[in-house]
Amino acid sequence: MAEPGARAAEAAEDRGWRLRHLPVLLIASAVMAAVAAVVGGVVDGADAALGAAVGVAVTALSYTLTTVVLAWADARDTQLVLPFGLGLYVAKFTLLGAVMVAVAATGWPGLIPLCLGIAAGVVVWTGVHIWWLTTVHARRVRG
């Protein structure tokens, strides 16, 4: 196993490692948003199609923001990751809760598909991230 100092030196040489997985996750999310829109449209019309696609987009935006902010914090000082991560978590879920309450208050029929799109986005993002870590990233670390 490499020493912590050696790992820090390797990470400093490879500045892109913190965001390398992002394009793959964004492509998977875009595909999921398209699938969600088609399924929503077929099952319950235009509002459902829009709601499902927006739900996936909300998840992708949220996770992308987290990835970029934490990569920035980690590049500056690893001790910034926890406070920035927790602060961003609180801010994002407060905003998401407020938006969901506001949307629910309108009576928009796309609310349930929106929620299902958020859930689908979480599953796809997490699954593809696990795949990326166990295959692509694992090969880089071993190689």
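Refer to the structure printed above.
Residues numbered from 1 in each chain as written. Predicted model: local features only at pLDDT ≥ 70, side-chain atom pairs only at ≥ 80, totals over all residues. Heavy atoms only, no water.

(A) Geometry of the overall build of the chain. Check the secondary structure of the chain and you find five helices and zero strands. N-terminal to C-terminal, the α/β element order of the chain is α-α-α-α-α. The buried share of the chain, taken over its 143 residues, is 29%. Carbon together with sulfur atoms contributes 74% to the accessible area of the chain, which is approximately 8900 Å² in total. (Helix = DSSP H or I, 4+ residues; strand = E, 2+ residues; numbered from the N terminus. Buried < 20%, exposed > 50% of the residue type's maximum accessible area, 1.4 Å probe, protein only. Areas by Shrake-Rupley, 256 points an atom, 1.4 Å probe, with all protein chains shown as cover.)

(B) How the structure looks around the layout of surface pockets. Estimates place the volume of the second largest pocket at around 510 Å³. Val58, Ser62, Lys92, Phe93 and Leu96 are, among the 23 residues lining the second largest pocket, the residues nearest its centre. Elements supplying a minimum of two residues to the lining of the second largest pocket: helix H3 (46-76), helix H4 (81-106) and helix H5 (111-142). Top contributing element to the lining of the second largest pocket by residue count: H4, with 11 residues. In terms of residue class, the lining of the second largest pocket is built from 18 nonpolar, four polar and one charged. (1 Å grid on protein atoms, 1.4 Å probe; cavity = no way out; pocket = protein on both sides within 12 Å on 5 of 7 lines; lining within 4 Å. Points joined across faces, edges and corners; volume = space filled by probe spheres on them. Nonpolar A, V, L, I, M, F, W, Y, C, P; charged D, E, K, R; others polar.)

(C) Summary view of the pattern of salt bridges. Summed over all chains, the structure comprises one salt bridge. The partner of Arg18 in a salt bridge is Asp74, with the nearest N and O atoms 2.9 Å apart. Of this pair, Arg18 sits in the loop between helix H1 (4-13) and helix H2 (22-44) while Asp74 sits in helix H3, placing them 56 residues apart in sequence. Of the residues examined, Arg18 reaches a relative accessible area of 14% and is grouped as buried. (Salt bridge = Lys/Arg side-chain N within 4 Å of Asp/Glu carboxyl O.)

(D) Representation of the nonpolar core in the model. Core analysis: the largest hydrophobic core is formed by 12 residues, namely Leu22, Leu25, Ala28, Met32, Ala33, Ala36, Ala52, Val56, Ala60, Val124, Trp125 and Val128. In terms of residues, this core owes the most to one element, H2, which gives six residues. One finds Met100, Val103, Leu111 and Ile118 within the second-largest nonpolar core, a separate group that totals five residues. (Core = buried A, V, L, I, M, F, W, Y, C linked by side-chain atoms within 4.5 Å.)

(E) Structural context of the packing of aromatic side chains. Scanning the entire structure with this criterion turns up three aromatic pairs. Arranged with centres 5.3 Å apart and planes meeting at 65°, the rings of Trp72 and Phe84 form a pair that is edge-to-face. Pair noted here: Trp72 is in helix H3 and Phe84 is in helix H4, with a separation of 12 residues, a long-range link. Considering the side-chain rings of Tyr89 and Phe93, the 4.7 Å spacing of their centres and the 50° angle between planes classify their relative orientation as tilted. Of this pair, Tyr89 and Phe93 both sit in helix H4, four residues apart, roughly one helical turn. The class of Phe93 is partly exposed, set by a relative accessible area of 48%. (Phe/Tyr/Trp six-rings, centres within 6.5 Å; stacked < 30°, edge-to-face > 60°.)

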